[in-house]
Amino acid sequence: MPKDIPIIDATSKSFKDELAFNIWSTHSCSDYRNDRERPYDGQIHTDDGIRGKTEVKDLTMRDIKDCLVKAMLTASVDDEYLKVSDNFLKCWDWEKGKDKNGNLIPTQFLLDKQKEDKFLCTKVETNTWRYNDIYKIDFNNIDPGAILGNLICEIEKMMGIYPNVNILECDAQTEKMFSDAKEL
């Protein structure tokens, strides 16, 4: 097992604390530093690893603001939307498949819900979002970390490099980890 994968002793008296830390942790120096000179020593596919070294290019400040709005909206998944048989399956036209951009086609049910300020998380995918939609978000039900992750993905999409992860760039240790995992 690669040394960057933590092993937690389930019989330890401090198991709950260790588990909580490891769920929260990025296992990089960002766990305890926030200066700009800290190394990109996290897992390669995260913004604390190699992926995070990518410089933002060819975006305006408005582009970045758009990315932040989309990140917040995408993170605002509401429980009603996730009720598979009640709502989720009614939102997308599964028979028509996808449009020319590879996106699922929304149903009138979904578009009507969006007009009622419901299912805000779908407004990015349907390209019906507006800046004022952020004032409709219930921030009590959002994981701030989800906004951060979504922001990075939206910036990559706008730069045309999403997903900014290439398995071929893995170091030898990570390659071994993937091959070991396949054997399990």
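Quick notes on the rules
Residues numbered from 1 in each chain as written. Predicted model: local features only at pLDDT ≥ 70, side-chain atom pairs only at ≥ 80, totals over all residues. Heavy atoms only, no water. Patch = residues over 30% accessible without salt bridge, like charges linked within 9 Å, V, L, I, M, F, W, Y side chains within 5 Å. Areas by Shrake-Rupley, 256 points an atom, 1.4 Å probe, with all protein chains shown as cover. Salt bridge = Lys/Arg side-chain N within 4 Å of Asp/Glu carboxyl O. Helix = DSSP H or I, 4+ residues; strand = E, 2+ residues; numbered from the N terminus. Axes fitted to C-alpha atoms, helices over the stretch in contact; angles between N-to-C directions. Parallel < 35°, antiparallel > 145°, perpendicular 65-115°, else oblique. Left-handed = near helix turned anticlockwise from the far one by under 90°. Contact = heavy atoms within 4.5 Å. Nonpolar A, V, L, I, M, F, W, Y, C, P; charged D, E, K, R; others polar. pLDDT = per-residue confidence, 0-100. Polar contact = N/O pair within 3.5 Å; in protein donor to acceptor, adjacent residues only side chain to side chain.

S.K.: So what's going on with a nonpolar patch on the surface? Which residues, and what values?
M.R.: Residues Val56, Met61 and Ile64 make up a contiguous nonpolar surface patch of roughly 300 Å² in combined accessible area. Within the fold, Val56 resides in the loop between α1 (15–24) and α2 (61–75).

S.K.: Before we move on, can you summarise the packing of α2 against helix α6 (residues 144–159) with the specific residues and values?
M.R.: Contact geometry for α2 and α6: axes closest at 8 Å, N-to-C directions at 135°. Classed by the angle they form, the pair α2 and α6 counts as oblique. In terms of crossing hand, the pair formed by α2 and α6 is right-handed. When α2 is examined against α6, the residues Asp63, Ile64, Asp66, Cys67, Leu68, Lys70, Ala71, Met72, Thr74 and Ala75 are found in contact with a partner set consisting of Ala146, Ile147, Asn150, Leu151, Glu154, Ile155 and Met158. Classifying every residue of the contact of α2 with α6 by side-chain character gives 11 nonpolar, 2 polar and 4 charged.

S.K.: Help me get a handle on the confidence of the model for the protein chain, residues and values and all.
M.R.: Put simply, the protein chain has an average pLDDT of 88, and 88% of its residues get 70 or more. When pLDDT is averaged over each element of the protein chain, α2 comes out on top at 98 and helix α7 (residues 172–183) at the bottom at 60.

S.K.: Let's hear about the side chain of Asp133: which residues, and what values?
M.R.: As for its position among the elements, Asp133 is in the loop between α5 (108–115) and α6. For Asp133, the side chain forms a polar contact with the main-chain nitrogen of Arg130, separated by 2.8 Å. Once residues lying within four places of it in the same chain are set aside, the contact partners of Asp133 are Leu73, Leu120, Lys123 and Thr128.

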